[in-house]
Amino acid sequence: MPVLQVFDPPMCCATGVCGPSVDPELARFSGDLAWLKAQGVEVRRFNLARDPAAFVDHTAVKQALAERGNDCLPLLLVDDRVAVEGSYPSRETLAALTGVVLRKLALGASCCGPSPANSGSKKSCC
């Protein structure tokens, strides 16, 4: 499995649930990273305010910061190659970048098959 490294801009926490208001984008992204970990992807996350050495020690990150400043953050690397910069990608994008298959239920489907509305049957499928 690939290794995903996330280099966040300076902030008090990575979850987005600290401070006076919750950042829904950070909360969504944190959930997506937890999902990736559950799929077997190794995820490493660094915050510029708390882990500055990680930013300096990685050549691609140091170069991006020198050229674009904090505007390049968040910066995501997959297997040490820059994959995304300047935004938090969707779960679909994260899955594609890491080779994880993203399964979605079809509309009208349930955990036990097609819904009665789509099957022509009046019986419940569950």
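Structure report, in brief. (Residues numbered from 1 in each chain as written. Predicted model: local features only at pLDDT ≥ 70, side-chain atom pairs only at ≥ 80, totals over all residues. Heavy atoms only, no water.)

**Observations regarding the overall build of the protein chain**
Using the following cut-off: Under the scheme used here, helices are H or I runs from DSSP no shorter than 4 residues and strands are E runs no shorter than 2 residues, and both carry numbers assigned from the N terminus. The classification of residues rests on relative accessible area computed with a 1.4 Å probe and restricted to protein chains. Under 20% of the type maximum is buried, over 50% is exposed, and intermediate values are partly exposed. Areas reported as accessible are Shrake-Rupley estimates using a 1.4 Å probe. Residue values count occlusion only from the protein chains shown.
Regarding its fold elements, the protein chain presents five helices and six strands. Counting from the amino terminus, helix and strand elements in the protein chain follow one another as β-α-β-α-α-β-β-α-β-β-α. Looking at the protein chain as a whole, 33% of its 126 residues qualify as buried. Accessible surface computed for the protein chain: about 7500 Å², of which carbon and sulfur atoms make up 56%.

**Some remarks on the pairing of strand E4 (residues 81-85)**
The cut-off we apply is this: Whether two strands pair comes down to DSSP finding at least two bridges between them.
The sheet contact formed by strand E3 (residues 75-78) and E4 spans four bridges and is antiparallel. Across the sheet, residue Leu 77 finds its bridge partner in E4, namely Val 82. The hairpin turn running from E3 into E4, its antiparallel successor, is two residues long, and Asp 79 in that turn takes a positive phi close to 50°.

**Regarding helix H1 (residues 24-38)**
Put simply, the rule is: Take the residue count of a helix, subtract one, and multiply by 1.5 Å to get its expected span. Contacts are assigned to residue pairs with any non-hydrogen atoms lying within 4.5 Å of each other.
Over its 15 residues, H1 runs 21 Å from end to end, which matches the ideal 21 Å to within 8%, given 1.5 Å per residue. Every buried residue belonging to H1 is among Leu 26, Phe 29, Ser 30, Asp 32, Leu 33, Trp 35 and Leu 36, and all of these are buried. Buried positions along H1 lie against strand E1 (3-8), strand E2 (42-47), E3 and helix H4 (91-98). Following H1 by one or two positions, Gly 40 adopts a phi angle in the positive range, close to 100°.

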